[in-house]
Amino acid sequence: MTAAYPALRLRRTRASGWSRRLHAENTLTPADLIWPLFVTEGQGVEEPIATLPGVSRWSLDGIVARAKEARDLGIPCLALFPNTPPDRRSDDGAEAANPDNLMCRATRAIKDAVPDIGVLTDVALDPYTAHGHDGLVDEAGYVLNDATVEALVAQSLNQARAGADVIAPSDMMDGRIGLIRAALEGEGFVNVQIMSYAAKYASAFYGPFRDAVNTRGLLKGDKKTYQMDPANAQEALREVALDLAEGADSVMVKPGLPYLDIIRQVKDRFAVPVFAYQVSGEYAMIEAAVAAGAADRDAMVLETLLAFKRAGCSGVLTYHAAHAARLLGA
Ligand code: PBG
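Keep in mind it's a predicted model, so treat the numbers as computed, not measured.

Enquirer: Just to check I follow, could you spell out the pairing of strand β5 (residues 118–123) for this structure?
Expert: A regular strand places its side chains so that they alternate between the two faces of the sheet. The buried count for β5 comes to 6 of 6 residues, which makes it a mostly enclosed element. The side-chain alternation of β5 yields two buried faces, one formed by Gly 118, Leu 120 and Asp 122 and the other by Val 119, Thr 121 and Val 123. Inspection of the sheet shows strand β4 (residues 77–82) paired to β5 by 4 bridges, in the parallel sense. Looking at β5, one finds that Leu 78 is bridged to Val 119. Handedness of the β4-helix α3 (residues 102–113)-β5 crossover: right-handed. Taken together, the 4 bridges between β5 and strand β6 (residues 166–169) define a ladder with parallel strand orientation. For Leu 120, the partnering residue across the bridge sits in β6 and is Val 166.

Here it is as structure tokens:
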């Protein structure tokens, strides 16, 4: 039962700032943010990424500086991605299992310098393969499932041994969560989390990321035989159900804003922690709109991030994390 106009005026509670704050149904804080960072070789290296204006690759010293910055801003977790040197990329992506690869060195450096920040490591072969696919390919160019999963298990254990807190498989192979979970348990990593990229779509929004990890020029074909069809929502729920049954602690939907309907359905159906990845193309769209004078960056960043909370997210991976945390802390 609700009153009718004029007894009911929904604008009453919106009429002043204190009241809007009091009636806000959702809030955004720095604790909702995961900051993706790109790691590169060298010392004192910062390489700006042209298609991701404002985002750079950093050598280990810079990565550690970013980790301290994140801690000081109240950001709880970092997500790491390597720009593997060309001579370390191969058809089988063996560098992914090298205990001294960029990811492992970055993870150890962060955990040494800033032990109280979470480190999430991406599991997939694309930054390590000569063909840019997330898995192993056969002669016909098909990405093999079961052989890839074996490599992903080795990659996951490698990252856990280096100190990763959250293993985040982004490859979309069938069955990998269960096998990764069993391997982690088998080695005693009982508190290493798995955040599964459960519903990851074959999307046009990943272009700048592929520049950041230098896979755009390498990638043969597309990823539609393993990443999801943007037409599908029920299939996303099946993917999430499987990953949860196999031992995922949390699930991710990716990209973000174009898939808010999926986030809401996953949250309503499963009542588990859901994360969104506001991906590189989404970031680039905001920055392009700002550069064109068509948008106010601060307002657009905060509005889009709050939208993820409203849709049911526990948190968001975003390249705007440090900027947003600064705005929220002010
Ligand atoms: C690949 C991976 C991708 C992203 C994260 N992990 C790209 C892809 O699937 O081709 C995209 C992130 C972004 O666009 O910001 N395993």
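Past the structure itself, the notes keep going.
Enquirer: Help me understand unusual backbone geometry in this model?
Expert: Glycine aside, the phi torsion of most residues is negative, and most peptide linkages are trans. Backbone torsion omega between Tyr 5 and Pro 6 reads 5°, so that peptide bond is classified as cis. Secondary-structure assignment places Pro 6 in the segment before α1 (17–23). A cis amide bond links Lys 254 with the next residue in sequence, Pro 255, at an omega value of -10°. For Pro 255, the location among the structural elements is in the loop between β8 (250–254) and α8 (260–270). Unusually for a residue other than glycine, Met 172 sits at a positive phi of about 70°. Summarising the element assignment, Met 172 is placed in the loop between β6 and α5 (176–186).

Conventions used here
- Residues numbered from 1 in each chain as written.
- Predicted model: local features only at pLDDT ≥ 70, side-chain atom pairs only at ≥ 80, totals over all residues.
- Heavy atoms only, no water.
- Buried < 20%, exposed > 50% of the residue type's maximum accessible area, 1.4 Å probe, protein only.
- Helix = DSSP H or I, 4+ residues; strand = E, 2+ residues; numbered from the N terminus.
- Pairing = 2+ DSSP bridges.
- Right-handed = clockwise from strand over helix to strand, strands pointing away.

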